[in-house]
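Coordinate inspection notes
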Amino acid sequence: MGKWLILLETSSAKIEDGNWGKLLANGVTGWRFPSVSQGGHVKNATVLIVEDDLTLAAAVAGVLADAGFVTTRATDGQQALQAFFSLRPDIVLLDLGLPLLDGQIVIERLRDLSPATPIVVLSARAELSERVRALQGGADDFIFKPFSNEELVARLWARLRNT
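Read on for an overview of the structure.

**So, helix 6 (residues 149-161)**
The end-to-end C-alpha separation of helix 6 is 18 Å, in line with the 18 Å expected for 13 residues at 1.5 Å each. For helix 6, the complete set of buried residues consists of L152, V153, L156, W157 and L160. Down the axis of helix 6, the smallest arc covering the buried residues is 125°, so these residues share one side. Summarising the geometry of helix 6, the exposed residues directed more than 90 degrees from the buried face are E150 and R161.

Set out below in structure tokens:
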């Protein structure tokens, strides 16, 4: 995995004026502007919601938007990896029972792409073996369905606070 440059300016002009080649030569593979800390929370933190139930995904996106998050959604494992690569979200909220690529495989691939990005599993799979497998595979937290909106928001903020 390459290095990422976090820009502290409001324009990408410094990147576009010829410095990009030098950055690539030094292993930098991407850049983004940082989220702004506000009262211990990250303002406009981006959440990638990976959920194949469209109704649930829309409801979760609404709850998170009300809590100050910026959300994007993916409905299967392949879309999740593509969205993660292009968006580089601050945190991932991931269901395990996904079409095309199981959530456990997505966790492992996300960890290869970004070891530091928090991954919170939101799943109806309540068996101890599933929870342990997800956590050992790279997930940072596990929330059961059905869930409390307040707890979901609190856990996401807590994970971001610890990054």
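**Description of the pairing of strand 6 (residues 70-74)**
Along any regular strand the residues' side chains alternate between the sheet's two faces. Judged from the five bridges that link them, strand 5 (residues 46-50) and strand 6 form a sheet pairing that is parallel. When the bridges of strand 6 are listed, V47 appears paired with T71. Remark: the strand 5/helix 2 (residues 54-66)/strand 6 crossover connection has right-handed handedness.

**Side note on unusual backbone geometry**
Backbone torsion omega between K145 and P146 reads -5°, so that peptide bond is classified as cis. Looking at where P146 falls in the secondary structure, it is placed in the loop between strand 9 (141-144) and helix 6. In the Ramachandran plot, R88 falls in the positive-phi region, its phi being about 50° despite a non-glycine side chain. With respect to the element layout, R88 can be found in the loop between helix 3 (77-87) and strand 7 (91-94). Residue classification places R88 among the buried positions, given a relative accessible area of 11%. Positive phi values are uncommon outside glycine, yet L100 reaches one of about 70°. Within the element layout of this structure, L100 appears in the loop between strand 7 and helix 4 (103-113).

**What about helix 3?**
Looking at helix 3, one finds that the buried residues are G77, A80, L81, A83 and F84. The buried side chains of helix 3 occupy one side of the element, clustering within an arc of 165° when seen end-on. Facing away from the buried side of helix 3 by over 90 degrees, the exposed positions are Q82, F85 and S86. Each element contacted by the buried residues of helix 3 is listed here: strand 5, strand 6, strand 7 and helix 4. Immediately downstream of helix 3, the backbone of R88 shows phi near 50°, a positive value.

**So, the nonpolar core**
Among the nonpolar cores identified, the biggest contains 20 residues, and V50, V92, L94, V106 and I107 are the most heavily contacted of them. Looking at this core, the elements that each hand over two or more residues are strand 5, helix 3, strand 7, helix 4 and strand 8 (119-123). Among all residues touching V106, those that are not within four sequence positions of it are G77, A80, L81, L94, L98 and L101. Within the second largest apolar cluster, 18 residues are counted, among which are I91, L152, L156 and L160.

**Here we look at the packing of aromatic side chains**
One pass over the full model with this rule turns up two aromatic pairs. Between F69 and W157, the aromatic rings sit 4.2 Å apart at their centres with planes inclined by 25°, giving stacked as the arrangement. Separated by 88 residues along the polypeptide, F69 in the loop between helix 2 and strand 6 and W157 in helix 6 bring together distant segments of the chain. With relative accessibility at 4%, the residue F69 sits in the buried group.

The rules behind each value
- Residues numbered from 1 in each chain as written.
- Predicted model: local features only at pLDDT ≥ 70, side-chain atom pairs only at ≥ 80, totals over all residues.
- Heavy atoms only, no water.
- Helix = DSSP H or I, 4+ residues; strand = E, 2+ residues; numbered from the N terminus.
- Expected span 1.5 Å × (residues − 1).
- Buried < 20%, exposed > 50% of the residue type's maximum accessible area, 1.4 Å probe, protein only.
- Arc of directions from axis to C-beta.
- Pairing = 2+ DSSP bridges.
- Right-handed = clockwise from strand over helix to strand, strands pointing away.
- Contact = heavy atoms within 4.5 Å.
- Core = buried A, V, L, I, M, F, W, Y, C linked by side-chain atoms within 4.5 Å.
- Phe/Tyr/Trp six-rings, centres within 6.5 Å; stacked < 30°, edge-to-face > 60°.

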